Amino acid sequence: MARRTFVALAVAALLGLGGAVWWAVTPARRSIPLVRGQAPPESLQAHCDDAVGPPRIVAISERVRLAIGWDLASTVLVRTDAGNVIVDVGMSPARAAPVREALLRDSPGPIAAIVYTHSHIDHVGGASVWADDGVPIWATDAFTDHFIKQYGAFRLAEGRRGAAQFGEHVSEDSLPCSALGRRPDLAAAAATGARFPTHTFSGAQDLEIGGVRIHLREAHGETHDQLFVHLPDEGVLLAGDNFYRSFPNLYTLRGTSPRPIDAWIASLDAMRRLAPEHLVPSHTAPLSGREQVAAALTRYRDAIQWVRDRVIQLANAGRSVDQIAADVGLPPALAGAPELAERYGQVDWSARAIYDERLGWFDERPERLYPHAPRERARRFLDAMGGGEAVRARAREAVAGGDPRWAVELYSLLRDAAPEDMFQGTPIAGELAAALDALALEVGNTNGRAYLLETGQRLRHGDVPPPAPTIDPAFLDVLPISHFFAVMATRLDPELAAGVHESARFEFTDTGERFTVTIRHGIAEVVAGEPLPGTPEPLAQVTTTTATWRRLATDLTHPVAAIAAGELDVAGDLLGFRRFTGRFRRGL
Ligand SMILES: [Zn+2]
């Protein structure tokens, strides 16, 4: 085999052809049918009609227009004498294009600036549609780190969970909206048009564009990089995701680091201080009237504080986390407030997240310290309950008797008792799926509803990997090269690495950065700069540029092409290096 081909194969194995090292693990996507015919509760349908509604432009004030109903997140346009300022740009170019057309038909003019309220993809993925040449894009300093973190080591877990939260295989008749907006098009969003900000700030930034004062205020809450926009001349406050018409998503099923609860309350207080006439969130319908806005913001922050303080009180009283989740609730003064209905966030999930953030997973229950492994535990439970068939019979009775919640508990014991990978597609899995469907009928929280229905469909038809994002080369270059190596470490196959103690070196000629990757004790250690004492002599040294490595890792360049172009060289024990790279797997 030619040396060039051999080296290319070795590098490709390390990168995991298909861009596996860092970004995309791309198992074949198959299609499974949609869940249909699960009518939503009336209250949810009413929310979808009122708080989300059809695509339309809403005139908020003289200069401010809201485009709502086109996508999960809305886009706001502020008219100035120097052109239009755009706040949030939608989730994908496909969804953003008709929004741009409609907004500019209403308010013709050049784009003067773009503001991102935060880095979530539903607010930035459509940027390529709006970011005409030279248009400044504003965000907080924390934006880029926060954005990158979303696409790191846990991308597969987050992608799978996100697809369930939004009900990727749930039809419109069963899930008419996400509580925050039109249901996202996950496949369209994979072809991202995200652009990084060109201007960032911390704290406060006062802009004046075309005679309009635009005050940006860093305001952590739903994310650690959030801002709100205050337009003092218009009496308008653009809240980002720190307020919308649902109990706040203090914890997301999609999986994130805990939301900063205290900062969220402080951000709502900063909004209250400004006493705006109009409150325009990035999701759901706007609110007008100084008193109504003040009252809604006050109830919103009080609800968050209520949950936080009740968790603290109940934890101090020694309650278990399950009991706390069951007991927290909302006080009567807040429970009926329209903006606190649990359509997107949910009080009990939030209580668990706050407990976990402050005290960790352990809740003083000694039986949690040394439990049997799940399968053994489930088998013993089934045995104590009269055996698997008896439990299955009780689960069927529960479904027939209108108690699917209990049936789901019983079926989950049968699931946990089954050998791994042997449950999906079985008749009992189908019964669990039906119980999940029945439970979903009662659920008006769109995330919970979607998760139940989507999970049921996966039990019937098998898992479908989340759509793999395609990468826009425009923002590859801001990714720190260390990020690629950190994710690479998590791809080591511990079985293939058993008993191995080897290292390889990587040198980047453009930045002078050097990394040593050492396989030892079943882990891959990544060290920047000089290797640590005790590191074995490297089997091989890879010399390349950061730009080439980024493109290799994201499948935009093939190693054969990089070697042919003189952009990639591997020196040393090639056979050993090939073995070394073969120990990393994609899809772990
Ligand atoms: Zn959002």
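Just so it is clear, the model here is predicted, and its values are computed rather than measured. (Residues numbered from 1 in each chain as written. Predicted model: local features only at pLDDT ≥ 70, side-chain atom pairs only at ≥ 80, totals over all residues. Heavy atoms only, no water.)

*Asks:* What is the right way to read the overall build of the protein from this model?
*Replies:* Helix and strand counts for the protein stand at 24 helices and 18 strands. Expected size for 588 residues packed as a compact globule is a radius of gyration near 25 Å; at 26 Å, the protein falls within 12% of this value. For the protein, the spread of C-alpha atoms along the principal axes amounts to about 75 × 75 × 45 Å. When burial is assessed residue by residue, the protein has 54% of its 588 residues classed as buried. Excluding contacts between residues fewer than 6 apart, the proportion of contacts in the protein whose partners are at least 24 apart in sequence is 72%. For the protein, the centre of its 60 positive side-chain charges and the centre of its 72 negative side-chain charges are spaced 3 Å apart. (Helix = DSSP H or I, 4+ residues; strand = E, 2+ residues; numbered from the N terminus. Rg over C-alpha atoms; globule rule 2.2 N^0.38 Å. Buried < 20%, exposed > 50% of the residue type's maximum accessible area, 1.4 Å probe, protein only. Contact = heavy atoms within 4.5 Å. Lys, Arg positive; Asp, Glu negative; His and termini not counted. Charge placed at Lys NZ, Arg CZ, Asp CG, Glu CD.)

*Asks:* Help me understand the coordination of the zinc ion, please; the structure alone is not making it clear to me.
*Replies:* Any two of four tetrahedral donors ideally make an angle of 109.5 degrees at the metal, while pairs among six octahedral donors ideally make 90 or 180 degrees. Those protein atoms acting as donors to the zinc ion are Asp122 (OD), His123 (NE2), Asp241 (OD) and His283 (NE2), and they sit at 2.1 to 2.5 Å. Around the zinc ion, the 4 donor atoms are arranged such that angles at the metal cover 87 to 171 degrees; this shape is classified as irregular. Under the relative-accessibility criterion, aspartate 241 is labelled buried at 1%. (Donors = N, O, S within 2.8 Å, 3.2 Å for Na, K, Ca; no water. Tetrahedral: all angles 85-135°; square planar, octahedral: opposite > 155°, others 65-115°.)

*Asks:* Is there a simple way to explain a nonpolar patch on the surface in this structure?
*Replies:* Together, Trp361, Phe362, Leu369 and Tyr370 make up an exposed nonpolar region whose accessible area comes to about 510 Å². When you line up the elements, phenylalanine 362 lands in the loop between helix H13 (347-359) and helix H14 (374-384). (Patch = residues over 30% accessible without salt bridge, like charges linked within 9 Å, V, L, I, M, F, W, Y side chains within 5 Å. Areas by Shrake-Rupley, 256 points an atom, 1.4 Å probe, with all protein chains shown as cover. Salt bridge = Lys/Arg side-chain N within 4 Å of Asp/Glu carboxyl O.)

*Asks:* Just to check I follow, could you spell out the sheet that holds strand E15 (residues 514-520) for this structure?
*Replies:* Here we have 5 strands laid out as an open sheet, ordered E16-E15-E14-E17-E18, and mixed in their pairing. On the outer flanks of this sheet lie strand E16 (523-528) and strand E18 (568-572), each paired with one strand and no other. Along the sheet, successive strands turn relative to each other by an average axial angle of 20 degrees, direction set aside. In the packing of helix H20 (residues 481-489) onto the sheet, the strands contacted are strand E14 (502-508), E15 and E16, and the crossing angle to E15 comes to about 5 degrees. This element, helix H24 (residues 574-581), spans E14, E15, strand E17 (540-544) and E18 of the sheet and lies at about 95 degrees to E14. (Pairing = 2+ DSSP bridges. Axes fitted to C-alpha atoms, helices over the stretch in contact; angles between N-to-C directions.)

Nothing here speaks to function; it is all geometry.
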